[in-house]
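# Descriptive structure summary
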Protein chains: 2
Amino acid sequence: MSQIVPIKSATLSEDIAQQLINAIVTGDIPQGSKISEPELAKRYGISRGPLREAIVKLEGLGLVTRTANVGARVIELNLADMLDTFTIREALEGMAARLAASHMPTTEVDSLYALLDKHQAFLDDNQDEHYAQQGGNDDFHLRIIQASGSQKLIRLLSHELYAVIRMYRHHTADQRSDPRQALREHKAILDAIANQEGDLAELLMRRHISRACRLLQQAMEQSTHSTQ
Amino acid sequence: MSQIVPIKSATLSEDIAQQLINAIVTGDIPQGSKISEPELAKRYGISRGPLREAIVKLEGLGLVTRTANVGARVIELNLADMLDTFTIREALEGMAARLAASHMPTTEVDSLYALLDKHQAFLDDNQDEHYAQQGGNDDFHLRIIQASGSQKLIRLLSHELYAVIRMYRHHTADQRSDPRQALREHKAILDAIANQEGDLAELLMRRHISRACRLLQQAMEQSTHSTQ
DNA sequence: TCAAGCTATATTGTCGACAATGTTTGTTTT
DNA sequence: AAAACAAACATTGTCGACAATATAGCTTGA
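All of the points below concern the structure found in this document. (Residues numbered from 1 in each chain as written. Chains lettered and ligands numbered in written order. Predicted model: local features only at pLDDT ≥ 70, side-chain atom pairs only at ≥ 80, totals over all residues. Heavy atoms only, no water.)

## Description of the relation of the copies chain A and chain B
Take chain A, turn it by 180 degrees, move it 0.0 Å along the axis, and it overlays chain B with an RMSD of 0.0 Å. Such a combination of rotation and displacement between the chain copies is what one expects of a two-fold axis. Of all interface residues in chain A, 100% are interface residues in chain B too; the two copies therefore contact each other through one and the same surface. (Least-squares fit on C-alpha atoms with pLDDT ≥ 70 in both. Contact = heavy atoms within 4.5 Å.)

## Regarding the sheet that holds strand 1 (residues 34-35) of chain B
The three strands lie next to each other as 1-3-2 (chain B), forming an open sheet whose pairing is antiparallel. Among the strands making up the open sheet, the edge pair consists of strand 1 and strand 2 (64-67) of chain B. (Pairing = 2+ DSSP bridges. Helix = DSSP H or I, 4+ residues; strand = E, 2+ residues; numbered from the N terminus.)

## Digging into unusual backbone geometry
Most peptide bonds adopt trans geometry, and most residues besides glycine take a negative phi value. Notably, Gln196(A) is not glycine yet its phi reads approximately 60 degrees, a positive angle. Tracing the backbone shows Gln196(A) in the loop between helix 9 (179-194) and helix 10 (198-222). Residue class for Gln196(A) comes out exposed when judged on its relative accessible area of 56%. The phi dihedral of Asn69(B) falls on the positive side, at around 65 degrees, and the residue is not glycine. (Buried < 20%, exposed > 50% of the residue type's maximum accessible area, 1.4 Å probe, protein only.)

## Quick notes on the interface of chain A and chain B
The interface of chain A with chain B comprises 31 residues on the first partner and 32 residues on the second. Together, the buried faces of chain A and chain B total about 2,500 Å²; carbon and sulfur atoms form 57% of this surface. For the pair chain A and chain B, the number of links is six salt bridges. Here Lys152(B) and Asp81(A) are joined by a salt bridge, their closest N and O atoms 3.5 Å apart. (Buried area = accessible area lost by both parts, 1.4 Å probe. Salt bridge = Lys/Arg side-chain N within 4 Å of Asp/Glu carboxyl O.)

## A few points about the pattern of salt bridges
Residues and elements named next belong to chain B. Using the criterion set out here, one finds 36 salt bridges over all chains in the structure. Between Arg206 and Glu90 there is a salt bridge, and its shortest N-O distance comes to 3.5 Å. With a gap of 116 residues between them, Arg206 in helix 10 (residues 198-222) and Glu90 in helix 4 (residues 79-103) connect regions that are remote in the sequence. Take Arg206 and Glu90: they sit in the same class, and that class is buried.

## Quick look at the protein's contact with DNA strand C
Taken together, the neighbourhood of DNA strand C is formed by 19 residues, with Lys34(A), Pro38(A), Arg48(A), Arg52(A) and Leu12(B) sitting nearest. The sugar and phosphate moieties of DNA strand C supply 76% of its atoms located within 4 Å of the protein. One of the side-chain nitrogen or oxygen atoms of Lys34(A) is found 2.7 Å away from a phosphate oxygen of DNA strand C. In this structure, Ser47(B) approaches DNA strand C through a main-chain N or O atom, which is 2.9 Å from a phosphate oxygen. Those elements that place two or more of their residues in the surface near DNA strand C are strand 1 (34-35), helix 2 (37-44) and helix 3 (48-61) of chain A together with helix 1 (12-25) of chain B. Across the surface near DNA strand C, the residue classes tally to eight nonpolar, seven polar and four charged. (Near = heavy atom within 4 Å. Polar contact = N/O pair within 3.5 Å; in protein donor to acceptor, adjacent residues only side chain to side chain. Nonpolar A, V, L, I, M, F, W, Y, C, P; charged D, E, K, R; others polar.)

## Observations concerning the side chain of Glu160(A)
In this structure, Glu160(A) sits in helix 8 (residues 151-171). Owing to a relative accessible area of 10%, Glu160(A) belongs among the buried residues under this scheme. Discounting residues that sit within four places of it in the chain, Glu160(A) has contacts with Gly60(A), Leu61(A), Arg155(A) and Gly60(B).

In structure tokens, the structure reads:
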């Protein structure tokens, strides 16, 4: 439970915040565990000042909860919270798809089609399936979010929600996703965006996320205790 | 530009954060202005430690932006950002209405009908019209959000987004809202929720917010310079 | 033996001071 | 006179120490 790799940011506080985010998302700092300021300060070799600022930021990201005069704890993952998280994601990312349908330039549309073709090739070759399944999936989604042009959507989704979502993925060993089905859905969404059909794009994105949610739910119900 | 009323919270940091939120939302600390740590620390009679933690929290709420080694500034209100904000609100609060249609107990439905009746009475008597127009409006919306049962929706909307929305209201003098039309829309939304028609409730809520957004937009375009 | 209260310990919250970075002012040079 | 450099100043970032609160362990009493 370590990996104290300095990320060299402008300020110690940001640096530590990023390290803590990584540590929590990957499970390096386990869910539900207490955040001890003296311990972490010693581990990272900093004082408690910037560390506390980082913790306040984590609270804002919803990765830890704080109680006055008691301290911070990493959130605990459970089914209800996961469903809650994906409800938000469905609403926001559906809206992002709608906006992308109006805003996305044709060059970016083409670029995304190329990306999906690459995913298709990965699947056909069965080569590095995991990439297409995880990173590739996020890649597509993040670019749709970017294309929405909404600064607040970008921040809420890319920087805040996705931390928790990745945390759920990391903590759910078995990922019974169906990459080919996901890719089909991605293509349908992109088609709608290319045709500037905002309503349809939103609808398809919401269904797509809802389906991913159900898959994750099944995986979680399967391994109720293996996730601790 | 003062009002240093202690709010007596468990911790100085929370206290100051709440005071700063109020000060920014009401315009006591003007939009775009620099947040000087020494100045504020002296004004509130605290040290810079808890003040900085409060500022980090404000950054998380999107009320200030920070630059490393330079400091924090209050956000600047403008049309694009307002439209962006209401886009998020439309997506999230639409989802809240949908969930409320499934979750809201009949007792709460009745209670909300009573609330709307009270608003109706206020309007008919033309007595304290401003209350029904502002506080009452928020009252209704916040209770729908509560009824969604989603902790994350409640937090995102009630605690984060609404701060910025209130800021826009405070900074836009002329509020050409049509309280009677708003009330009609509220009733329609509540009807859909009472009938457990989630799709309809979401649709109506989104239209309702979209309309409020357009009204605010007109008011802002009117007084482009009076809002500074 | 268990519960309640007290004491000792550890952790969080706050403070003032120092270091590092940005900003402003004044000077010099072209 | 304008631009570039330098020094003085102010602000932010970080630190270690102290105060306040919570937790753990021990003692006492029923």
